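One-letter residues, chain by chain:
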Amino acid sequence: MNKRILMTFCFTFGVGAMISLLNPTPADARIKLATLPDREAVVVRFDNPNVVMVEEERTISLQKGVNNVDFSWAGTQIDKGSIIFRPADPAAKVEILSTSYPPGEAALTWQISAAEAMSVKFRLSYLMANIQRETDYRMLVSKDEQTCSFKHYFKIRNWSGGRFATADFVTRDGKKFEKGLENGEAKRVLVNSWDKVKLTKEYVYDLTRQPEGKVLTDYVLKNAKEIGLGSIPLEYGKVRIYQDDGSGTTAFTGEDWGRFTPIGDDMRLNIGIAQDIKIEMKKMVNDVQNRRGNVYDTDEVDEYEIKNFKDTEAVVTLVLRVDGEWEMKATTSGHDSFERVDNETIRFKVKAPAKGTPVKLRFHYQKKNVW
Amino acid sequence: MIKTSWCLCALLAVLAPALAAKEELVTLPKRDKVQLTIYNSVDLTLVRETRALTFKKGNNRLQFSWANTLIDPTSVEFRAVTSADKIEVLDTSYPAESHQMLIWTISAESDLSATVEISYFTSGISWAAEYHGMLAADDSSMTLTAYVTVMNNSGEEYEDAQVRLVVGSINLVETIAGLAGGQRQNQRMEEAYGEMRKAARAADADRKKDIVKEGLSEYYIYTVGGTETVPNAWAKRLESFKQAGVPVRSVYTWDTAKYGAQLCRILTFKNDEAHKLGKEPLPAGIVRFYREAGAGRLGYVGAVATNYIAKNDEIKVNAGSDPEVTLKITRSSHKKENLSFAFNGRQQFLQGWDTYDQFKLELKNFRDRAVEFEVNLVFNGDFDFESELAATKVDFRTQRYTLRMDKGARQEVVYKVRTRFGTNARK
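Along each chain, the written sequence defines residue order, and numbers are assigned to residues from 1. Each chain gets a letter, beginning with A, and each ligand a number, beginning with 1, in the order they are written. Owing to the predicted nature of the model, reporting of local features is limited to residues with pLDDT of at least 70; listing and counting of side-chain atom pairs is limited to 80 or more, with chain, interface and lining totals taken over all residues.

Topic: the overall build of chain A
Every helix listed is a DSSP run of H or I at least four residues long, and every strand listed is a run of E at least two residues long, numbered separately from the N terminus. Tallying secondary structure elements over chain A gives zero helices and 27 strands in all. Dimensions of chain A, computed from C-alpha atoms along their principal axes, come out at roughly 95 × 65 × 35 Å. This entry defines residue contacts through backbone-placed C-beta atoms, with two residues in contact when those atoms are within 7 Å. Long-range contacts, defined as pairs at least 24 residues apart, comprise 64% of the intrachain contacts of chain A with a sequence gap of at least 6.

Written out as structure tokens, the structure is:
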């Protein structure tokens, strides 16, 4: 028969083993006398991109027979449906018989059957809302812009109403750090650091990214071992970029959002506009050909004049788009290389000499079967 | 503890000549046994309770009242379990001054004690299924635990009740909550009650410590072992079954009609013996997936709602997208061919053409293990499909690729689609 022992652990005050003289009955009639077993080994997991899971261990003294164990979480943001309660040792001679939910309370009661009087370590898991996580990066680029150091920070902010005197926080890539975190408190922790990472700098003309036709400056990091990264997928986050100014200090050179970058993929970061490279586009030919009723072809030449006012040569990437059915003509000139990215997109690389000497990309193409 | 809001009063006095007399001497026989049969498809619970009553020879009045509950007055029935041949219900009166009371006039052949059963429908008690799937670290199998949760908002506390849960969809012509509020009964309602009562009685099972599942007509009845007390406004969750080692298949699926324009990880298993299941259908409910995270710890994968899963049926659960497994489709070329023209007087105009598109399907597996893909491509109109890699025709407009890719692998598949328009279209 029921031992009428009600053990309660209240989230906000720690765990409680509670002796009650009453069965679990409605909220207004619950009289409790509790001892409060300590929380042990708390783990806060961020491996799911959308939710935060908390796991804690508590040692509870059980009497032989059926015990009632109460868990309440007033003032905290625990998802009731997600709660899992189990003995840490699956071989423990205990059985969880039922879970009861009282009305109007952030609480539940487990009925636990114990083969004998004993202390059992239980593991309690639940999803907790309002623990925010944020990833950010700090990139320090060498003066010659060939390499960088790349630091990965993990920031957590606790608005859940719960307190973590000490807990292991586990990031998505399995990195673990131990911290305390009060309600309302935020902490930012350096979780990964990579030095001498090779980076690529690109000057990009792309009207879909910069409609005014200004040239963007991008850094491209391949998340791969060969450049010094590639140990974990890089989470989405803000990247603040600094550069060694050669005199022992650094200068902030821009920031961008780094998208989630799996191992082997590229992270492209825009640090701003390349003021010293100018591109002017002119349409030089726009003829209609081969008219058949309401169908025709076109012959078009777009000319891009590129001026690089820097002291050194620069390679400029022009990402150009043409809709519909079209083909590039062999008379296209002025480029170093090109790649047809997809039907609508072509990417040219053009070497722009130093000190403002203009170079022209002459993009000659024919649109077909236009109507 | 909530006080019971209704009482059963055996009026042992010989039938008084008129109901107007208010002086009554009553005894309050306790419930000996109560059984709840709870339906999840409608707001309906059949309550059957037995009590021991003492009758005097002649006519006895038995009062039954249910103030502040959600009992349907049209459904209340009296039945003698013992001495049935010596007891007869002569009439049932519904006093004008109370809408939540009735009085049976019962004739007894002699002074006797009998066990009687009173049954009725109430609304406000419901149940729901819930599942936890504990996935192995490699997603290849799981431990599936099923729960049932009974919620009691009926206004009444049923102590030590045998609880039975009905899986299936029954037809009701009027809602119990509406009838509890005083709506008139009708003949069809009574017929429906009669059928359900018969079904519920026929499904009586011995008490067991676990939850016993039995098929009945188009329904399944889960009988919870032993008895349960669910106080009013409380909910109680019980384990229905637990099965370890259920094989699970994880397939990254592209199916815009079902899952929108994203690659989703679909977890598949069957409710059959090969998957260590199949003993009973699985009622609709929330499935929460967790994954072993080492050292007995758990990581959260996600939650989805499932429909009713019949025995031997397959279950597909969308566990959401995974940024480490990607799919990208790009159109690498587009041509218009086979243009045909017609004349309207001297004016030439286009009447038929084909588009001939080449697509590149890029699959990347950044995970640290091999994964399976199922890519469903849907095309409209009169089209021909050409592919380097063999595809399966799912229906007249859907082609499917199934692939397996090692960890870290990338694969490109090129396919071409010719679509005929205007007078070129053949269908």
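After presenting the structure, the write-up continues.
Brief notes about the overall build of chain B
Along chain B, the regular secondary structure elements total three helices and 28 strands. Across chain B, every contact between residues at least 6 apart in sequence was considered, and the portion connecting residues at least 24 apart equals 70%.

Comments concerning the domain arrangement of chain A
Residues and elements named next belong to chain A. Segmenting chain A into domains produces domain 1 (2–128), domain 2 (132–273) and domain 3 (277–370). Centre-to-centre, using C-alpha coordinates, domain 2 lies 34 Å away from domain 3. Contacts between the two partners involve seven residues from domain 2, matched on the other side by eight residues from domain 3. Throughout the structure description, domain borders are defined by an automatic or database domain assignment.

Considering the environment of Glu239 of chain B
Considering the arrangement of structural elements, one finds Glu239 of chain B in strand S16 (residues 235–247). If we skip the residues at most four places from it in the chain, Glu239 of chain B touches Thr145 and Tyr147 of chain B.

Things to note about the nonpolar core
Within the largest apolar cluster, 99 residues are counted, with the highest numbers of intra-cluster contacts made by Val44 of chain A together with Ile38 of chain B. We define a nonpolar core as a collection of buried residues of the types Ala, Val, Leu, Ile, Met, Phe, Trp, Tyr and Cys that are connected via C-beta atoms lying within 7 Å of each other. Residue burial is a threshold on neighbouring C-beta atoms within 10 Å of the residue's own C-beta, all placed from the backbone, with 20 or more meaning buried, 12 or fewer meaning exposed, and counts in between meaning partly exposed. Among the nonpolar cores identified, the runner-up in size contains 18 residues, and Val215, Ile277, Leu318 and Leu361 of chain A belong to it.

Describing the interface of chain B and chain A
Of the residues lining the interface, 34 residues belong to chain B; the matching set on chain A comes to 39 residues. For the side of chain B that touches chain A, the secondary-structure elements that each account for two or more residues are S16, strand S19 (285–292), strand S20 (298–306), strand S22 (325–344) and strand S23 (347–365) of chain B. It is S22 of chain B that provides the largest number of residues to the side of chain B that touches chain A, a total of nine residues. As paired elements, strand S8 (residues 94–101) of chain A and S16 of chain B share four bridges and run antiparallel to each other. From the neighbouring strand, Tyr101 of chain A faces S16 of chain B, where its bridge partner is Ala235 of chain B. Any two strands are treated as partners once DSSP identifies two or more bridges connecting them.

Some remarks on the confidence of the model for chain B
Residue and element names in this part refer to chain B. Chain-level statistics for chain B give a pLDDT mean of 83 and a share of 83% at 70 or above. Across residues 1–22, where pLDDT falls below 50, the model places 51 contacts with residues more than four positions away in sequence or in other chains. Residue-level confidence of the predictor, termed pLDDT, takes values from 0 up to 100. Under a pLDDT of 50 for its full length, residues 182–209 has, in the predicted model, 36 contacts with residues more than four places off or in other chains. Here the predicted complex carries an ipTM of 0.77, next to a pTM of 0.77.

A look at the pairing of strand S19 (residues 250–258) of chain A
For strand S18 (residues 237–244) of chain A and S19 of chain A, the ladder comprises eight bridges, and the chain directions are antiparallel. By the bridge assignment for S19 of chain A, Tyr242 of chain A is matched with Phe252 of chain A.

As for the sheet that holds strand S18 (residues 264–270) of chain B
Residues and elements named next belong to chain B. Strand order in the open sheet formed by six strands is S21-S18-S17-S24-S27-S26, with mixed pairing between adjacent strands. Because the sheet does not close on itself, it has two edges, and the strands there are strand S21 (314–318) and strand S26 (392–395). The average undirected angle you get between the axes of adjacent strands in this sheet is 30°. Every axis corresponds to a line fitted to the C-alpha atoms, with the helix fit spanning only the stretch in contact, and the corresponding angles, defined between N-to-C directions, vary from 0 to 180 degrees.

Some points on the environment of Ala303 of chain B
Mapping Ala303 of chain B onto the fold places it in strand S20. The sequence separation of Ala303 of chain B and Asp272 of chain B amounts to 31 residues, and the corresponding C-alpha distance is 22 Å.

Digging into the environment of Val230 of chain B
Residue and element names in this part refer to chain B. If you trace the backbone, Val230 turns up in strand S15 (residues 228–230). Sequence-wise, Val230 and Val150 are 80 residues apart; in three dimensions their C-alpha atoms are separated by 7.8 Å. The residues touching Val230, leaving out its near neighbours within four places in the chain, are Val150, Asn152, Tyr158 and Lys236.

With respect to unusual backbone geometry
In most cases, non-glycine residues show a negative phi, while peptide bonds are predominantly trans. Positive phi, close to 50°, is recorded for Asn369 of chain A, a residue that is not glycine. Along the chain, Asn369 of chain A turns up in strand S27 (residues 359–370). The class for Asn369 of chain A is buried, based on 20 C-beta atoms found within 10 Å. A positive phi angle, near 65°, is found at Asp139 of chain B, a position not held by glycine. By the secondary structure assignment, Asp139 of chain B is in the loop between strand S10 (125–135) and strand S11 (141–152). Given 18 C-beta atoms within 10 Å, Asp139 of chain B falls into the partly exposed group.

Considering the sheet that holds strand S13 (residues 164–170) of chain A
All names here are of chain A. Overall, mixed pairing links the six strands, which are arranged S7-S10-S5-S4-S13-S14 in an open sheet. What marks the edges here is a single partner per strand, and that holds for strand S7 (84–87) and strand S14 (176–181). In this sheet, neighbouring strand axes are inclined to one another by 25° on average, regardless of whether the strands run parallel or antiparallel. Where strand S4 (residues 39–45) lies against S13, three bridges are found, and the strand directions are parallel. The residue bridging Val43 from the neighbouring strand is Asp168, located in S13.

Side note on the pairing of strand S12 (residues 147–158) of chain A
Note on strand geometry: in a regular strand, side chains alternate between the two faces of the sheet. Residue and element names in this part refer to chain A. Side chains Cys148, Phe150, His152, Phe154, Ile156 and Asn158 of S12 all project onto a buried face; the interleaved residues Thr147, Ser149, Lys151, Tyr153, Lys155 and Arg157 project onto a face where none is buried. The sheet contact formed by strand S11 (residues 131–141) and S12 spans eleven bridges and is antiparallel. Among the inter-strand pairings, Glu134 is bridged to a residue of S12, identified as Lys155. Count of turn residues in the S11/S12 antiparallel hairpin: five residues, of which Glu145 carries a positive phi of about 55°. By the bridge criterion, ten bridges tie S12 to strand S15 (residues 186–198) in an arrangement that is antiparallel. Its bridge partner being in S15, Lys155 is matched across the sheet by Arg188.

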